[in-house]
Amino acid sequence: MQLDLLYRSYCHLCDLMLEAVRAHPAGAGATIRLVDVDADPVLEARFDEQVPVLLHGDEVICWGRFDPVAFAAFAARAGA
């Protein structure tokens with residue numbers, strides 16, 4: 001499963017979300033691509049105040065803080 005984490009390098013919530021995804025049982029096999037939201041003007045305009053944002057394609061799984069219930073529901077739908 002490929003996930004994107006929109007992040008900022010100075011964002012402690014981003015670090016916490018990354019750790020939480022990796023620690024969650026459903027995240028065990030996931031590939032997490034870190035995307036610097038400030039490097040892409042389109043992403044920055046869309047997600048600026050919501051960072052960190054965990055995405056699968058265009059689907060927002062959770063934002064701001066890791067939501068283990070939303071992540072587990074996504075993983076169940078995705079067959080992970």
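Placed above this text is the structure.
Scope of this entry: the structure provided in the associated data block.

Parameters at a glance
Residues numbered from 1 in each chain as written. Predicted model: local features only at pLDDT ≥ 70, side-chain atom pairs only at ≥ 80, totals over all residues. Heavy atoms only, no water. Core = buried A, V, L, I, M, F, W, Y, C linked by side-chain atoms within 4.5 Å. Buried < 20%, exposed > 50% of the residue type's maximum accessible area, 1.4 Å probe, protein only. Helix = DSSP H or I, 4+ residues; strand = E, 2+ residues; numbered from the N terminus. Contact = heavy atoms within 4.5 Å. Pairing = 2+ DSSP bridges. Axes fitted to C-alpha atoms, helices over the stretch in contact; angles between N-to-C directions. Phe/Tyr/Trp six-rings, centres within 6.5 Å; stacked < 30°, edge-to-face > 60°. Salt bridge = Lys/Arg side-chain N within 4 Å of Asp/Glu carboxyl O.

**Digging into the nonpolar core**
Membership of the largest hydrophobic core comes to 15 residues, with the highest contact counts inside it found for Leu3, Met17, Val21, Leu54, Ile61 and Phe71. When contributions to this core are tallied by element, the ones reaching two or more residues are strand 1 (2–7), helix 1 (12–23), strand 4 (59–63) and helix 3 (68–78). In this structure, leucine 54 is in contact with Leu3, Asp4, Leu5, Met17, Val21, Glu59, Val60, Ile61, Cys62 and Phe71, ignoring residues within four places of it in sequence. Ranked by size, the runner-up nonpolar core spans 10 residues in total, among them Cys11, Cys14, Val37 and Leu55.

**Quick look at the sheet that holds strand 3 (residues 53–56)**
Pairing is mixed across the open sheet formed by four strands, whose spatial order is 2-1-3-4. The open sheet has two free edges, formed respectively by strand 2 (31–36) and strand 4, since each of these has just one partner strand. Here the strands of the sheet are splayed against their neighbours by 25° on average, with no regard to which way each runs. Contacts from helix 1 reach strand 1, strand 2, strand 3 and strand 4, with the element oriented near 165° to strand 1. Contacting strand 1, strand 3 and strand 4, helix 3 crosses the sheet at an angle of about 155° to strand 4.

**Side note on the packing of aromatic side chains**
Tallying each qualifying case throughout the model produces two aromatic pairs. Measuring from ring centre to ring centre gives 5.5 Å for phenylalanine 66 and phenylalanine 71, while their planes differ by 55°; the resulting arrangement is tilted. Neither residue differs from the other here; phenylalanine 66 and phenylalanine 71 are each classed as buried. Three or more aromatic residues joined by ring pairs form one cluster here, namely Phe66, Phe71 and Phe74.

**Observations regarding the pattern of salt bridges**
Under the definition given, this model contains four salt bridges. Across the pair aspartate 38 and arginine 8 runs a salt bridge whose closest N-O atoms are separated by 2.9 Å. On the criterion of sequence distance, the pair formed by aspartate 38 in the loop between strand 2 and helix 2 (41–47) and arginine 8 in the loop between strand 1 and helix 1 is long-range, its members being 30 residues apart. What makes aspartate 38 partly exposed here is its relative accessible area of 33%. Given the relative accessible area of 9%, arginine 8 is considered buried.

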